[in-house]
Amino acid sequence: MMKELDIDALLDDPRTRIIVCCGAGGVGKTTTAASLGLRAADRGRDVVVLTVDPARRLAQSMGLSELDNSPRKITGVTGTGELHAMMLDMKRTFDEIIEAHSDPDRAKQILANPFYQSLSSSFSGTQEYMAMEKLGQLHRSDAWDLIIVDTPPSRNALDFLDAPERMGRFLDGRFIKLLFAPAKAGGRLGMKVFSAGFGIVTNAVTKVLGGQLLKDVSTFVTAFDTVFGGFRERAEKTYELLKTPGTAFLVVAAPEPDALREATYFIERLTKEKMPLAGLVVNRMASSGAASLSQARSQAAAETLDEREEHPLAASLLRLHAERMRLAARQERLRDHFASAHPIVPITTVPAQAEDVHDLDGLRRIGESLAKAAS
């Protein structure tokens, strides 16, 4: 029997301070995060939703023309709470770190450096790391009693968890040592040392640096040296924050084999890391308003009408209903198979919507569906 996920109990618990929505790309994480945020605010929590979805659907559904790197208050909350939302600006967050941990002259020097500009925009894993940085900033501000994070769209749903370690390896690794070598050696010797190992730098960085290669890298390394330690320290603190009882991970999946397989990987990783898993949201489940009319009966009735050459439109509608019931049965089998394999993982389901969510009412309907299992 499937263990039901009580969403309202999770949202209402004042000990719940962070909810992380994670899973494969394209499964509805952004809509889930926004719906949870609105429902929590309607129920009295002061909430901020951090999204990294570049599609900007969250802003539109909340009645804003756009979101940026600063939280914006959403009007239309019906309860006593407040709702703010923001969209991660990867480069701006990186800039904010430099400005906060350097004196003004040094920060200006780093921000204007061509090498830094490429690094902050294109280094692999930067988006995931900056999402962790922004989460840490929001938590330290203590301005909200609930933070909901929509993790970055990624080919690997584990990238968000791996980001601090990857950034730490980057700062401690051969890449940084190669950067320091020419800065310390200088002159033609420095250029030779640097050239020997620069193959690991992306083509984009090379193009930006051009003839100023050695000078820009030397300037960057000299100015950036004092910031290194803070990156690792904050990354480790945020990673530990994710493991505290006040954090809850919600894995979001579509009722499809690949998405549920990805959900399995994530649940196993969270369990291994001893991170607090709240449960699984199975999104976009097929359903029908005439579920009492079975697939078999619909198909039989359609065949009867075809034989009599009567009511072709009705026959077509019956066949569509039969196909929908077949899809619903398939998705339920996949969900139930997952539940059997993970009996201790609470699950809630959300039916597929007739149209895209584009306003607060649509988000509320999703929130009601998320909470209905335990009602």
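Notes on the structure in this doc start here. (Residues numbered from 1 in each chain as written. Predicted model: local features only at pLDDT ≥ 70, side-chain atom pairs only at ≥ 80, totals over all residues. Heavy atoms only, no water.)

### Quick word on the pairing of strand E5 (residues 146-150)
Of all five residues making up E5, five are buried, and the element is well covered by its neighbours. Residues Leu 146, Ile 148 and Asp 150 of E5 are buried on one face, and the alternating residues Ile 147 and Val 149, pointing to the opposite face, are buried as well. Two elements, strand E2 (residues 46-51) and E5, share four bridges in a ladder whose sense is parallel. Within E5, the residue paired with Val 47 across the bridge is Leu 146. (Buried < 20%, exposed > 50% of the residue type's maximum accessible area, 1.4 Å probe, protein only. Helix = DSSP H or I, 4+ residues; strand = E, 2+ residues; numbered from the N terminus. Pairing = 2+ DSSP bridges.)

### Brief notes about the nonpolar core
Core analysis: the biggest nonpolar cluster contains 87 residues, and Ile 19 and Leu 280 have the highest contact counts within it. Other than its neighbours up to four places away in sequence, Ile 19 contacts Leu 10, Leu 11, Leu 36, Leu 146, Ile 147, Ile 148, Val 149, Ala 248 and Leu 250. (Core = buried A, V, L, I, M, F, W, Y, C linked by side-chain atoms within 4.5 Å. Contact = heavy atoms within 4.5 Å.)

### Observations regarding the environment of Arg 92
As for its placement among the helices and strands, Arg 92 is situated in helix H4 (residues 90-100). Among the residues examined, Arg 92 registers a relative accessible area of 30% and is labelled partly exposed. Along the sequence, Arg 92 and Ser 120 sit 28 residues apart, while their C-alpha atoms lie 8.8 Å from each other. Setting aside its immediate chain neighbours within four residues, Arg 92 contacts Asn 69 and Glu 99.

### So, the packing of H4 against helix H5 (residues 104-111)
Two elements in contact, H4 and H5, have axes separated by 8 Å at closest approach and are oriented at 150 degrees. By the criterion of interaxial angle, the relationship of H4 to H5 is roughly antiparallel. Seen from H4, the contacting residues are Asp 95, Ile 98 and Glu 99; seen from H5, they are Ala 107, Ile 110 and Leu 111. Considering only residue class, the contact of H4 with H5 consists of four nonpolar, no polar and two charged. (Axes fitted to C-alpha atoms, helices over the stretch in contact; angles between N-to-C directions. Parallel < 35°, antiparallel > 145°, perpendicular 65-115°, else oblique. Nonpolar A, V, L, I, M, F, W, Y, C, P; charged D, E, K, R; others polar.)

### A word on unusual backbone geometry
Phi angles above zero are rare outside glycine, and Asp 142 is one such case at about 55 degrees. With phi around 60 degrees, Arg 284 is a residue other than glycine that occupies positive phi space. Inspection of the secondary structure puts Arg 284 in strand E7 (residues 277-285).

### Here's the deal with the environment of Arg 166
With respect to the element layout, Arg 166 can be found in helix H8 (residues 159-172). The class for Arg 166 is partly exposed, based on a relative accessible area of 24%. Spatially, the C-alpha atom of Arg 166 lies 8.5 Å from that of Tyr 129, the residues being 37 residues apart in sequence.

### Notes on the packing of helix H2 (residues 29-42) against helix H17 (residues 360-371)
It is at 8 Å that the axes of H2 and H17 come closest, and there the two elements cross at 85 degrees. Taken together, H2 and H17 sit at an angle that is classed as roughly perpendicular. On the side of H2, the interface is formed by Thr 31, Thr 32, Ala 34, Ser 35, Leu 36, Leu 38, Arg 39 and Asp 42, while H17 contributes Leu 360, Leu 363, Arg 364, Ile 366, Gly 367, Glu 368, Leu 370 and Ala 371. For the contact of H2 with H17, a count of residues per class yields eight nonpolar, four polar and four charged.

### Some thoughts on the side chain of Thr 93
Position of Thr 93 among the secondary structure elements: in helix H4. On the accessibility criterion, Thr 93 (0% relative accessible area) is buried. Look past the residues within four positions of Thr 93 in its chain and what remains in contact with it is Asn 69, Leu 88, Met 130, Glu 133, Lys 134 and Gln 137.

### Observations concerning a nonpolar patch on the surface
Residues Leu 313, Leu 317 and Leu 320 make up a contiguous nonpolar surface patch of roughly 350 Å² in combined accessible area. With respect to the secondary-structure elements, Leu 317 resides in helix H16 (residues 312-341). (Patch = residues over 30% accessible without salt bridge, like charges linked within 9 Å, V, L, I, M, F, W, Y side chains within 5 Å. Areas by Shrake-Rupley, 256 points an atom, 1.4 Å probe, with all protein chains shown as cover. Salt bridge = Lys/Arg side-chain N within 4 Å of Asp/Glu carboxyl O.)

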